[in-house]
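Now for the letters of each chain:
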Amino acid sequence: QVQLVESGGGFVQAGDSLRLSCAASGRTFSNLAMGWFRQAPGKEREFVVAISFTGGTTNYADSVKGRFTMSRDNAKNTVYLQMNSLKPEDTAVYYCAADLFGSGRSRVPRDYDYWGQGTQVTVSS
């Protein structure tokens with residue numbers, strides 16, 4: 001079993017930055033590919049970015065490429081999502097997810113085995 005706890009969400013203005021964190025516990029973190037997804041009201045959960053268990057491979061959605069950066073610190077069992085140049089359309093609940101023994105390339109929610117509770121990001125224009 002893996003427990004994931006996100007933090008770092010908030011209310012910001014367009015153009016601002018935020019950094020989300022996701023702390024994992026309960027299983028060897030280095031066996032986990034990790035991903036960030038988001039879900040806006042009335043919309044389906046959307047892939048944002050995924051990272052391999054070594055951190056050597058990342059896979060971004062086109063909508064965030066060049067603005068968001070995902071990283072991981074295996075010594076701290078934590079992944080991060082640095083979000084720059086935020087736009088109102090980035091407003092959503094952001095979820096951290098773990099894919100046990102995954103490649104870090106999956107964009108499909110059903111491929112992920114564990115999920116955090118989510119953290120709200122609101123970007124005002």
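For the structure itself, look to the data block above.
Let me sum up the structure you'll find in this document. Numbers given for residues are sequential positions, taken from 1 along each chain in its written order. With pLDDT at 70 or above as the cut-off, local features in this predicted model cover only qualifying residues; side-chain atom pairs require 80 or more to be listed or tallied, and sums for whole chains, interfaces and linings still use all residues. Here the side-chain values reflect all heavy atoms present in the structure, with hydrogen atoms and water set aside.

All right, on to the overall build of the protein then. A helix here means a DSSP run of H or I that spans at least four residues, while a strand means a run of E at least two residues long, and both kinds are numbered starting from the N terminus. Of the regular secondary structure elements, the protein holds zero helices and eleven strands. Listed N to C, the secondary structure of the protein is β-β-β-β-β-β-β-β-β-β-β in terms of helices and strands. For 125 residues, the compact-globule formula gives about 14 Å, and the C-alpha radius of gyration of the protein, at 13 Å, lands near that figure. With the C-alpha coordinates aligned to their principal axes, the bounding extent of the protein is approximately 40 × 30 × 25 Å. Partly exposed residues are those whose accessible area sits between 20% and 50% of the maximum for their type, while under 20% is buried and over 50% is exposed, using a 1.4 Å probe and protein chains only. Looking at the protein as a whole, 44% of its 125 residues qualify as buried. By definition, residues are in contact when any of their heavy atoms lie within 4.5 Å. Nonlocal contacts in the protein, meaning residues at least 24 apart in sequence, comprise 59% of its contacts between residues at least 6 apart. Note on areas: these come from Shrake-Rupley sampling with a 1.4 Å probe, and a residue is covered only by the protein chains present in the view. Looking at the protein as shown, the accessible area adds up to about 6000 Å², and 46% of this sits on carbon and sulfur atoms. We compute the radius of gyration over the C-alpha atoms and compare it with the globule rule, which gives 2.2 Å times the number of residues raised to the power 0.38.

Attention now goes to the nonpolar core. To form a nonpolar core, buried Ala, Val, Leu, Ile, Met, Phe, Trp, Tyr and Cys residues must be joined to one another through side-chain atoms within 4.5 Å. Counting 35 residues, the largest nonpolar core has L4, M34, W36, M70, L81, M83 and Y94 as its most contacted members. Contributing elements (two or more residues each) for this core: strand 3 (18-25), strand 4 (32-39), strand 5 (46-51), strand 7 (68-73), strand 8 (78-83), strand 9 (92-100) and strand 11 (119-124). Sequence-distant contacts of Y94, defined by excluding residues within four places in its chain, comprise E6, L20, W36, F37, R38, V48, F68, L81, M83, G118, T119 and V121.

On to the sheet that holds strand 1 (residues 3-7), then. Pairs of strands are assigned from DSSP output, requiring at least two bridges between the strands. Spatial ordering of the open sheet is given by 1-3-8-7, a layout of four strands whose pairing is antiparallel. Only two strands of the sheet have a single neighbouring strand rather than two, namely strand 1 and strand 7. Along the sheet, successive strands turn relative to each other by an average axial angle of 15 degrees, direction set aside. Here six bridges tie strand 7 to strand 8, and the two strands are oriented antiparallel to one another. Bridging from a neighbouring strand, S71 pairs with Y80 of strand 8. Angular values range over 0 to 180 degrees, each being the angle between N-to-C directions of two axes fitted as lines to C-alpha atoms, with helices fitted over their stretch in contact.

Here the focus is the environment of K65. Mapped onto the elements, K65 comes out in the loop between strand 6 (58-60) and strand 7. Residues K65 and L20, 45 residues apart in the sequence, show an inter-C-alpha distance of 16 Å. As used in this structure description, the phrase polar contact means that two N or O atoms lie within 3.5 Å; if the pair is within protein, one of them must be able to donate a hydrogen and the other to accept it, and residues adjacent in sequence are counted only when both atoms belong to side chains. Within polar-contact distance, the side chain of K65 engages the side chain of D62 at 3.2 Å.

Moving on: the pairing of strand 4. Of all the eight residues making up strand 4, seven are buried; the element is thus mostly covered by neighbouring parts of the structure. Bridge analysis of strand 4 against strand 9 gives eight bridges, and the strand direction is antiparallel. Bridging from a neighbouring strand, W36 pairs with C96 of strand 9. Pairing of strand 4 with strand 5 involves five bridges; the strand directions are antiparallel. Counterpart to R38 in the pairing with strand 5 is E46. The loop that links strand 4 with its antiparallel partner strand 5 comprises six residues; one of these, G42, has a positive phi angle of about 80 degrees.

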